[in-house]
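A look at the structure
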Amino acid sequence: MATTAPSVPDADTLVVGGGPAGLSAALCLARYNRRVLVFDTGHGRSTHHQVNRNYLGFPGGIPTVELRELGRAQLAAYPQARIVHHAVVRAEGDAGRGFTVRAQTGSWTGRTLVIATGVLDHFPHFHGWESYVGRSLFWCIACDGYENRGKRVLMAGHTDATAAEALQMHSLTDDIQLLTNSRSDEISPLYRRRLDAAGIPVLHDRIHSVEGEDGMLRTVVTRGGHHLKADALFSIQGATPEIALAGTLGLALAPSGHIAVDPEQKTSAEGVYAAGDVSSLHSHQVSAAVHEGSQAASAANYFLYPAELKSA
């Protein structure tokens, strides 16, 4: 009786996410001569107007969009790696059978899976807000605080986390205001006292519109009619990890809601790895994402070796 030969998977590794973490993972895997498919929707933090100035080797900084383009060009030199523009909506399988990712227009199979889907930032939404992101609307003082030293800074957020970052920003400028931009004000009495002591006023109101041009702020207008002069708006309103695939695979999550990983970026499922902002509560930096992508790639590559090539 004839038997059907097992089908060959489309890739050794499926990488979901085309930002710094995903591209780094794909590049490292390609250099191990692994067949890699990268799924990139063209969205995420690295598609904004941000200029990254704390990644070693780029004096003066580099726009994250350009860094992403350079990464894609670097990966293009490896014929065993390919980028496809599909939004993956589901993943299934296990290390024994292999993994399948599904989009609206098809499905692809791989022996291992790297999830590098990032986070969804909760930016203030006002008319034209996207043109301000990375120019005068930021989410990270480690990334963009230094360039705003001595300037008029407005911190947006209604929690102690916002208050703490406003206090941290005080080392770079004395002209800081905090706007809750929410129906609720959850800043504790302790942090309220700390803000008062630092001379940082708090306004419980919400953004109605902004005045500015070419992505550069001049004034934030609140629903209550206040006109707040500002050179920069830092959104400290949190971000939601993009964990839909983790849910379809039943992966364990950290208490923060990010995908739980070990130091090698291994998830709770054998053969599945996570890298970048989707697996990190802190250190949401391009440098960290690139490192984590490389770690995930090395772990996936080792997993793919036959037993006789692995140390005991």
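Everything numeric in this text was worked out from a predicted model, so none of it was measured.

Now for the packing of helix α1 (residues 20-31) against helix α7 (residues 286-304). The N-to-C vectors of α1 and α7 enclose an angle of 40 degrees; their axes lie 7 Å apart at closest approach. Helix-helix and strand crossings are classified by hand; for α1 and α7 the assignment is right-handed. Taking contact as the criterion, the partners of Pro20, Ala21, Ser24, Ala25, Cys28 and Leu29 in α1 are, on α7, Val286, Ala289, Val290, Gly293, Ser294, Ala297, Ala300 and Asn301. Looking at the contact of α1 with α7 residue by residue, the classes come out as 10 nonpolar, four polar and no charged.

This paragraph deals with the confidence of the model for the chain. Predicted confidence across the chain gives a mean pLDDT of 95, with 98% of residues reaching 70 or more. The low-confidence segment residues 1-5, where pLDDT is below 50, has zero contacts with residues more than four positions distant or belonging to other chains.

Below, the discussion takes up the sheet that holds strand β11 (residues 153-156). Sheet architecture is open: five strands sit in the order β10-β17-β11-β12-β13, paired in parallel fashion. Two strands close off the open sheet at either side, each with one partner strand: β10 (137-138) and β13 (202-203). Sheet topology places β11 next to strand β17 (residues 232-235); four bridges connect them, and they run parallel. Looking at β17, one finds that Met155 is bridged to Phe234. Helix α4 (residues 160-169) rests against β11, β12 (176-179) and β17 of the sheet, and its axis sits at about 160 degrees to β11.

Time to look at the sheet that holds strand β15 (residues 216-222). Taken together, the three strands give an open sheet; going across it, the order is β14-β15-β16, and neighbouring strands pair in antiparallel fashion. Among the strands making up the open sheet, the edge pair consists of β14 (207-213) and β16 (227-229). Geometrically, the sheet is characterised by an average inter-axis angle of 25 degrees between neighbouring strands, direction not taken into account. In terms of strand pairing, β15 meets β16 through three bridges, oriented antiparallel. If you follow Val221 over to β16, its bridge partner there is His227.

On to the environment of Pro255. Position of Pro255 among the secondary structure elements: in the loop between α6 (244-249) and β19 (272-274). Put simply, Pro255 and Val221 are 34 residues apart on the chain and 36 Å apart in space, counted from C-alpha to C-alpha.

When the UniProt feature table is mapped onto this chain numbering, "domain: FAD/NAD(P)-binding" (unreviewed entry) sits at residues 12-293. A distance of 16 Å separates the end C-alpha atoms of residues 12-293, which is 22% helix and 28% strand.

So, on to the packing of aromatic side chains. The final tally for this structure, using the stated rule, is six aromatic pairs. Plain terms: the ring middles of Phe39 and Trp108 are 5.1 Å apart, the flat faces sit at 65 degrees to each other, and that makes the pair edge-to-face. Highlighted residues: Phe39 in strand β2 (residues 36-39) and Trp108 in strand β8 (residues 106-115), separated in sequence by 69 residues. Judged by its relative accessible area of 2%, Phe39 falls in the buried class. Look at Tyr55 and Phe58: their rings are 6.0 Å apart centre to centre, the planes differ by 40 degrees, and that puts the pair in the tilted class. Judged by its relative accessible area of 23%, Tyr55 is partly exposed. Sitting over the ring of Trp139, Arg45 keeps its end group 3.6 Å from the ring centre. Directly above the ring of Tyr191 sits Arg194, whose terminal nitrogen or CZ lies 4.8 Å from the centroid.

This brings us to the pattern of salt bridges. Under the criterion given, the structure shown has 13 salt bridges. A salt bridge links Arg72 to Asp40, with the nearest nitrogen and oxygen atoms 2.9 Å apart. One end of the pair, Arg72, is in helix α2 (residues 64-75); the other, Asp40, is in the loop between β2 and β3 (51-52), and 32 residues separate them in sequence. Residues joined in a network through salt bridges with shared partners are Asp12, Arg35 and Arg111.

The next point concerns the pairing of β11. Here β11 shows no split at all, with Val153 and Met155 on one side and Leu154 and Ala156 on the other all buried. One ladder, built from four bridges, connects β11 with β12; its direction is parallel. By the bridge assignment, Val153 is partnered in β12 with Ile176. Tracing the backbone out of β11, into α4 and back to the parallel element β12 gives a crossover that is right-handed.

We now examine the environment of His49. As for its position among the elements, His49 is in the loop between β2 and β3. The class for His49 is partly exposed, based on a relative accessible area of 37%. Non-local contacts of His49, meaning those with residues more than four positions away in its chain, are made with Glu130, Ser131, Val133, Gly134 and Arg135. Side chain to side chain, His49 and Arg135 meet in a polar contact 3.3 Å long.

Parameters at a glance
- Residues numbered from 1 in each chain as written.
- Predicted model: local features only at pLDDT ≥ 70, side-chain atom pairs only at ≥ 80, totals over all residues.
- Heavy atoms only, no water.
- Axes fitted to C-alpha atoms, helices over the stretch in contact; angles between N-to-C directions.
- Helix = DSSP H or I, 4+ residues; strand = E, 2+ residues; numbered from the N terminus.
- Left-handed = near helix turned anticlockwise from the far one by under 90°.
- Contact = heavy atoms within 4.5 Å.
- Nonpolar A, V, L, I, M, F, W, Y, C, P; charged D, E, K, R; others polar.
- pLDDT = per-residue confidence, 0-100.
- Pairing = 2+ DSSP bridges.
- UniProt positions renumbered as here; feature names shortened; annotations may be inferred.
- Phe/Tyr/Trp six-rings, centres within 6.5 Å; stacked < 30°, edge-to-face > 60°.
- Buried < 20%, exposed > 50% of the residue type's maximum accessible area, 1.4 Å probe, protein only.
- Lys NZ or Arg CZ within 6 Å of the ring centre and 35° of its normal.
- Salt bridge = Lys/Arg side-chain N within 4 Å of Asp/Glu carboxyl O.
- Right-handed = clockwise from strand over helix to strand, strands pointing away.
- Polar contact = N/O pair within 3.5 Å; in protein donor to acceptor, adjacent residues only side chain to side chain.

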